[in-house]
Structure formats: C-alpha cells, structure tokens
Amino acid sequence: MSGLRIDHVGKTFGMFEALKDIDLDFPAGRFICLLGPSGCGKTTLLRAIAGLEMPSTGRILLDGTDITSVPAHRRGLGMVFQSLALFPHLSVGENIAYGLRIRGVDLATRRRKVEELLALVHLPGVADRSISQLSGGQRQRVAIARALALDPKLFLLDEPLSALDAKLREAMQVELKLLQQRLGISTIVVTHDQREALTMADIVVVMDNARVQQVGPPLEIYRNPVNAFVADFIGTSNLLPGAVDGQDSLSIDGIRMAGARPHGLAQGSKAAISIRPEEVVIHPAGELGPNRLPAEVIFVRDLGASVEIMLACAGQELLAVTSPRERSDVQVGDRVALELPPAACVVLPS
Amino acid sequence: MSDLRPRGLPARLPVLWPAAMLLLFFVVPFGIMLAVSFSHQVEGGFYEPGFELANYARFLDPFFGRALLFSFWISVLAAAIVIAVAFPFTYCLTRLRRRAQVPFLVFVLAVLSLSEVIIGFAWSTLLSRTAGLSNLLVWIGLIPRAQAWTPSFGALLMGLCYLGFPYTVLILYPALSRLDPEIPEASRTLGASPLRTFFLVIVPVLRAPLLGALIMVFVFNLGAYLLPQVLGRPQHWTLSVHITDQAVFQSNLPFAAAMAIFLVLFSLAFIGLTMVLGGQREAAR
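Residues numbered from 1 in each chain as written. Chains lettered and ligands numbered in written order. Predicted model: local features only at pLDDT ≥ 70, side-chain atom pairs only at ≥ 80, totals over all residues. Heavy atoms only, no water.

Enquirer: Explanation requested: the state of the cysteines in the structure shown.
Expert: Residue and element names in this part refer to chain A. Here the structure, examined in full by the defined rule, presents 0 disulfides over all chains. Between Cys33, a cysteine without a disulfide, and Cys40, which holds the nearest cysteine sulfur, the sulfur-to-sulfur distance is 12 Å. Take Cys33: its relative accessible area is 0%, and that puts it in the buried class. No disulfide involves Cys345; its nearest neighbouring cysteine sulfur is the one of Cys313, lying 11 Å away. Of the residues examined, Cys345 reaches a relative accessible area of 0% and is grouped as buried. (Disulfide = S-S within 2.5 Å. Buried < 20%, exposed > 50% of the residue type's maximum accessible area, 1.4 Å probe, protein only.)

In structure tokens:
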C-alpha cells in the first residue's frame, strides 16, 4: 500500500488538544495542502508526520509501514521550515549537502548533487556563497533544495512562502507546483492562505479547532463546502441565514429559496445559504423571477479588473462581484433584486 | 555632499563621558602602575623614582615563571570545564517552557549572590576530612576512612568552576534563547541524531557567544585571589596571589606592579589570539 495514512491521530499538550482524531489517507505522488487558521493544528499534524512531535494517540503509516515511533532523523523525509532554518555557519552548498554528509556520501558526489539541485531550483552557481548573501527568495530555494537532497519519500513544507512578499509568493506557488509535478514527489504543504492552497493542491485538507473539516480537490471544496466554516474560510462567501423549508430549500424572510442539493436537515431547523460573490446576479428592483431577494446597494468598489458591490439583504451584508463589462448600472442607495441561482446555493446547517 | 556630522560640545558629549571615565579610572592608574614598575625598590624600605628593568628581570626566576604558567593553566582548564558543563546545561534550560525556566534561573542568580569568601570556605568544609563529603563515602562503604580533599589542585579547580558557572550560564542564556528551534530540527530531519546535531549545528552556530564566555571566565579565573589561598597549597598560588603577597606583605610595590602589567599583557595576548583563531575559522567557511 503506497502513500501516507494518518490513522486516528490525536495530540494533546497538557490540557490543550492540538489534534482530535485525525484520520486521513493520501495516495502517493499528490500535492496536499493542510489549510486552516492559525492554531487549528495543521502545523502540529505536519510535525507529527515529520517525527518532530509524538502523537498522543493513533498511528502514522508510510507505504504501509508504521513510522509512529521512528525518530525524525531515521524517517528520511524532507522538510522546509517556516523560518527556513538554514544553517548560518555553512555555505549554500554545505547547507544543501548537509544530509549527504551525515550519510557519509563522498565529496565529489556531494558536489555534483548540489549543482543538480541548485539547477533544479533555478539557482545555479551560488554553492560557495554564504547564506547571508542571498535574498529571501533565494534562501527559499536553497531550503527547498536542501530538503530534496536525500530524495525523500515525502516532501513537507511548513508555511514555506509566508516570509516572501506577495508577488514573489505567487510566482513561487506556481514554481513549487511545477517542481512537484516534475519530480512526482508526495508533498504536504501547511498554509493559512487559501489562494496558495487553491493554486498548488491536488487535495486540500481544511482544518479548524484541531479537527479536519473537509477533504477534497480545491474546486470541489470551493463549490461545495460542507459547513459554514469551510464556506467562509475558502474564498469569500455570503451566508444568508434562514429556516429549512423542504428537501432542498430554505425560507429567508418568508421567501422560498432553492438550493443546489438535498441537505437532509429537519423541517423548520435553522440553516444558511452559502453563495459565492461571483454567482450573485443583480437585477433592477421589481423584475420578477425565481430565487430572488430584495436588497439595497451600500457601496460600490470599482477595482478596474472587477467590480465589488456590497448589498444589504435580509439583514445581512452581502457581496457581489462582477466584471466591469457585465456591470449593472447601480448606484449607492438603489433598491435591486438579487438572483441567487439554485445551482450556486449550498444549504448549510448553522 | 555636505558634511552632516554634528559639531560642537553637545554633539561630542556622548563620546566625552566614557572617554573621561576610561581616562580617570583606567589610563591614569595604569600609567602610575607602569611608572612604579620601573622604579627602584629600596631594600627594606619604600621605592624611589627611577628607571630600571630589574623588576622585569625577576621573571626569569623560575619560581615566578612557574607561577605565571600555573595561573594560565588552571584558568584555561577551569574555563574549559565550566563551558563544557554550562553550555549543555543552558541549552537544555532554554528548551524548557518559560515558566519551567524560572526556578533554574533563580537558582543560578542565588549562586551568583554568594561571595567568593562564602563559596571558598563552604568548599573547604565540604572537602575537609572532619566534616566533608568523604565521610558520606565512608558511610556508604566506598572508602575505608575519611580523607582530606583540600587543599589540593582538584579542590581549587572545583572552586573556580563553581564560581564561574553562574556567569557562564547568564552569558550564554540570551544567545541560546534566541537560537531558532527549527535549526536543530532541520538537522534532525536531514538525518543527524540529536548528539550529532549538537556538535555539527548548535555548537558552531553559537561559536561567537561560546568564545566570549570562554574569554570572560578565563579572565575571571586569572583574577582569582581568595580561592587559591583557601583551597590550594602554596604551589597552587596564582599570579594574583603573588602580586598581593609582594605588594602587601613584602612591601615591594615595583615588583608587584611589574607582575600586574605582565599579567595584563599576557591576558590581552591570549584574548587576541583566541579572537584571531575564532575569526579565521569564520573566514575559512
């Protein structure tokens, strides 16, 4: 059985529960993102996989072998740390070759491997420089090369891009994804940035409060969040509370709104409709049609590439995003009718 | 390009103050001492101004040469032992949670508050035959009868290490606290055991503070005056003790001054050498 299995892993620090019954199965060769707000347990989970934290309960299996009690230095995994943790007393080349030196690999092989790895991360010819001579982005690449030097079975990254500025971060996301595809290496990245997760991941694991909230491909999670937390955390989401009124519909302010799929909630119980801002369609007030709610324009933000319209609807603030070309001609204070297409409405328990 | 450097007295004040302190409390006394070291000692009396190298020539006397070498040897040895003990101690201490560190730091500071006199006489009691630790070993049955462990070289070494330990911990503590915990972890994930990580990463990363602590404890030991007399035999007297002996009991100030100057120059040379060696290794990387 190839891949990583997290078998009902829990972790407590004193009274604090950092992980609660994490049960996950990752096939080999995938790019996985652990996504969640700070303090949700994602880094603890990654450290448990790396062997830097011992799970309090449960097991971790790699390719069918139980590695729960194998110490970090015998796991043979590559890890990039949030602080990068490059060794300041060693040169770039010595940093990358550190693991090889520990294994007793001879100098010539080490040199060759360092050059190969530096070429792989698009940073050739810097082997003899000291770490302090490199920029943030270059250090990032050195840390990646160092983690890959031992051809690890698993490539772990803890918020690897958080120290970079926004532009470089976006470029590195794409580069990291391309690198992973080229090497076909099983990769787990911890991040709190949902854009990062959506850009890179094959599978996203959304975590909150020490628990896994949802696992799935990025678009699936984006379109079909299982609860209000996921809907809100992944992208911007509008949540409109109401009461259950039928198998796939909700009553909001007395208006019946249809949702995308049956929700299995009891009649009359409290629930909410989640809809992405780009799915909201704005019509002039009074224009009739199905799944519409009256609203009032509060604010219009024209960002050039897109237009964001803030609306007051059913006692909530709601955001609609359109392109400038499709922009409906609305002013602050206008009364409008919002169409929430049933296919885009996900009914969530609240 | 205009000269933007501040001018006038107010701008120079920040330099003047430390400069005045240095002049008044270091340069002037050192100058006096230097002058005294070349003075002529009147047999059985006080010294009179003059210029002669007789006081320095007495270093050729093997007795004082040996005292100087012994001072260096025991200072270096005690400094090395203290670093070897205090560095792992401080490293483990900084890996604890903040709250758990407090009792240890209080303990270290408490040791620091003891005077050299108390420490010296406490150890001389603990190592004595009548009331010392050897009685404990007799009671356990490890040795047949109580022994006197003081005065001896070992007792003196013990005392110097005990005295230097809290200072070393407090010097190393800030640097070790700032050490990114992910650096040793990175070494672990790259296949190095905790022990190899300690010697391959933690020690070299902290080379500068280690060197600083070593020099400080060495200089500190070199100035030890009380412990050699309480815990050592006369052959274990350091140069500091001989200087006091000459100045106070033999009333030979010129020779005492010459020895003091020699000690200062020797320590400066040693510190310089240590820093050059430490710096060279850095440049070689």
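Alright, that's what it looks like, and here's the rest.
Enquirer: Can you help me understand the confidence of the model for chain B in this one?
Expert: Parts of the prediction with low pLDDT should not have their coordinates interpreted in detail. For chain B, per-residue confidence averages 86 on the pLDDT scale, and 95% of positions sit at 70 or higher. Both scores are available for the predicted complex, with the pTM at 0.80 and the ipTM at 0.83. (pLDDT = per-residue confidence, 0-100.)

Enquirer: Please explain the packing of aromatic side chains as it appears in this structure.
Expert: Two measures describe an aromatic ring pair: the distance that separates the ring centres and the angle between the ring planes. The tally for this structure, following the rule as stated, stands at 20 aromatic pairs over all chains. Here Phe38 of chain B and Phe51 of chain B contribute two aromatic rings whose centre-to-centre distance is 4.8 Å and whose plane-to-plane angle is 25°, an arrangement assigned as stacked. Taken together, the positions of Phe38 of chain B in the loop between helix H1 (8-37) and strand E1 (40-41) and Phe51 of chain B in the loop between strand E2 (47-48) and helix H2 (54-57) put the pair 13 residues apart, joining distant regions of the chain. Where Phe72 of chain B meets Phe270 of chain B, the ring centres are 6.5 Å apart and the plane angle is 70°; that geometry is what we call edge-to-face. Of this pair, Phe72 of chain B sits in helix H3 (residues 62-95) while Phe270 of chain B sits in helix H13 (residues 253-284); the two residues are 198 residues apart in sequence, bridging distant segments of the chain. Its relative accessible area of 24% is what places Phe270 of chain B among the partly exposed residues. Feature note: the residues Phe72, Phe218, Phe262, Phe266 and Phe270 of chain B constitute an aromatic cluster, connected by ring pairs. Over the aromatic face of Phe87 of chain A sits the side chain of Arg146 of chain A, whose NZ or CZ is 4.6 Å from the ring centroid. Lying across the ring of Phe255 of chain B, Arg58 of chain B places its NZ or CZ 4.0 Å from the centre. (Phe/Tyr/Trp six-rings, centres within 6.5 Å; stacked < 30°, edge-to-face > 60°. Helix = DSSP H or I, 4+ residues; strand = E, 2+ residues; numbered from the N terminus. Lys NZ or Arg CZ within 6 Å of the ring centre and 35° of its normal.)

Enquirer: Is there a simple way to think about the interface of chain B and chain A in this case?
Expert: When the parts of a complex come together, some accessible area is lost, and that lost area is often used as the size of the interface. Between chain B and chain A, the residue contacts involve 20 residues of the former and 24 residues of the latter. Summing both partners gives a buried area of about 2,000 Å² for chain B against chain A, and 61% of it is carried by carbon and sulfur. A per-residue breakdown of the area chain B buries against chain A is headed by Glu182, Thr189 and Leu190 of chain B, which together make up 34% of the total. One can count 1 salt bridge joining chain B with chain A. Among the salt bridges present, the one from Glu185 of chain B reaches Arg47 of chain A, with a minimum N-O distance of 2.7 Å. For the interface between chain B and chain A, the tally reads 7 residue pairs in polar contact (both at pLDDT 80 or more). Partitioned by chemical class, the residues of the side of chain B that touches chain A number 9 nonpolar, 5 polar and 6 charged. (Contact = heavy atoms within 4.5 Å. Buried area = accessible area lost by both parts, 1.4 Å probe. Salt bridge = Lys/Arg side-chain N within 4 Å of Asp/Glu carboxyl O. Polar contact = N/O pair within 3.5 Å; in protein donor to acceptor, adjacent residues only side chain to side chain. Nonpolar A, V, L, I, M, F, W, Y, C, P; charged D, E, K, R; others polar.)

Enquirer: Would you take a moment to explain the packing of helix H5 (residues 116-126) of chain B against helix H7 (residues 153-178) of chain B for this structure?
Expert: Relative placement of two packed helices is described by the angle separating their axes and the distance separating the axes. Residues and elements named next belong to chain B. The contact between H5 and H7 brings their axes to 10 Å, and the two run at 140°. Our classification of the angle between H5 and H7 gives oblique. Regarding H5 and H7, the two cross each other, and that crossing is right-handed. Facing Glu116, Ile119 and Trp123 of H5, the residues of H7 in contact are Met158, Gly159, Tyr162 and Leu163. Classifying every residue of the contact of H5 with H7 gives 5 nonpolar, 1 polar and 1 charged. (Axes fitted to C-alpha atoms, helices over the stretch in contact; angles between N-to-C directions. Parallel < 35°, antiparallel > 145°, perpendicular 65-115°, else oblique. Left-handed = near helix turned anticlockwise from the far one by under 90°.)

Enquirer: Please clarify how the sheet that holds strand E12 (residues 249-252) of chain A should be interpreted in this entry.
Expert: Strand pairing in a sheet is mediated by backbone hydrogen bonds. Such pairs are either parallel or antiparallel. Residue and element names in this part refer to chain A. A sheet is described by the order of its strands in space; here 5 strands give the open sequence E13-E12-E11-E14-E20, paired in antiparallel fashion. Of all strands in the sheet, those bounded by a partner on one side alone are strand E13 (255-258) and strand E20 (346-349). Each adjacent strand pair in this sheet contributes to an overall mean axis angle of 45°, direction not counted. (Pairing = 2+ DSSP bridges.)

Enquirer: Can you help me understand helix H3 (residues 107-120) of chain A in this one?
Expert: Along an α-helix, residues three or four apart share an orientation, since each turn contains 3.6 residues. Residues and elements named next belong to chain A. Spanning 14 residues, H3 covers 20 Å between terminal C-alpha atoms, matching the ideal 20 Å at 1.5 Å per step. On its buried face, H3 sits against helix H2 (92-102), helix H4 (136-148) and helix H5 (166-183). With a side-chain oxygen positioned 3.3 Å from the backbone nitrogen of Ala108, the residue opening H3 is Asp106. Immediately beyond the C-terminal end of H3, within one or two residues, lies His122, with a positive phi of roughly 55°. (Expected span 1.5 Å × (residues − 1).)

Enquirer: When you look at the nonpolar core in this model, what are you seeing that I'm missing?
Expert: Nonpolar side chains tend toward joint burial in soluble globular proteins. Of all hydrophobic cores here, the largest spans 45 residues; its most connected members are Ile96 and Ile144 of chain A. Broken down by element, this core gets its largest block of residues, 6 residues, from H4 of chain A. Setting aside residues up to four positions removed in sequence, Ile96 of chain A forms contacts with Val114, Leu117, Leu118, Val142, Ala145, Arg146 and Ala149 of chain A. Counting residues in each nonpolar core, the second largest holds 41 residues, with Phe64, Leu222, Leu239 and Ala258 of chain B among its members. (Core = buried A, V, L, I, M, F, W, Y, C linked by side-chain atoms within 4.5 Å.)

Enquirer: How should unusual backbone geometry be read in this particular structure?
Expert: Residues apart from glycine generally show negative phi values, whereas peptide bonds are mostly found in trans. Residues and elements named next belong to chain A. A positive phi angle is found at His122, which is not glycine, with a value near 55°. Look at His122 and you get partly exposed, because its relative accessible area is 47%. In this structure, Glu159 is a non-glycine residue whose phi angle is positive, near 45°. If you trace the backbone, Glu159 turns up in the loop between strand E7 (154-158) and H5. Glu159 gets classed as buried once you look at its relative accessible area, which sits at 7%.

Enquirer: What's the story with the sheet that holds strand E16 (residues 292-302) of chain A in this structure? I'm lost.
Expert: Residue and element names in this part refer to chain A. Across the sheet, which stays open at both edges, the 5 strands sit in the order E15-E19-E16-E17-E18 with antiparallel pairing between neighbours. Two strands lie at the open edges of the sheet, namely strand E15 (281-284) and strand E18 (316-322), each paired on one side alone. Going from strand to strand, the sheet's axes swing by 45° on average, the running direction of each strand aside. Pairing between E16 and strand E17 (residues 307-313): 6 bridges, direction antiparallel. The residue of E17 that forms the bridge with Val300 is Ile309.

Enquirer: I'm lost on the pattern of salt bridges in this one. Help?
Expert: Once their charged atoms are close, side chains differing in charge can pair, the charge on each being opposite to the other. Residues and elements named next belong to chain A. All chains considered together, the criterion is met by 16 salt bridges over all chains. Arg256 is the salt-bridge partner of Asp245, the closest N and O atoms lying 3.9 Å from each other. In this pair, Asp245 is assigned in the loop between strand E11 (238-244) and E12 and Arg256 in strand E13, connecting sequence segments 11 residues apart. One continuous salt-bridge network, built from bridges that share partners, spans Arg5, Asp7, Asp23, Asp25 and Arg59.

Enquirer: Looking at this model, I keep getting lost on the packing of H2 of chain A against H3 of chain A. Mind explaining?
Expert: Residues and elements named next belong to chain A. Running from amino to carboxyl end, H2 crosses H3 at an angle of 120°, the nearest separation of the two axes being 9 Å. With respect to H3, the axis of H2 lies oblique. As for how H2 packs across H3, the hand of that crossing is right-handed. In contact with Val92, Gly93, Ile96, Ala97, Leu100 and Arg101 of H2, H3 contributes Arg110, Lys113, Val114, Leu117 and Leu118.

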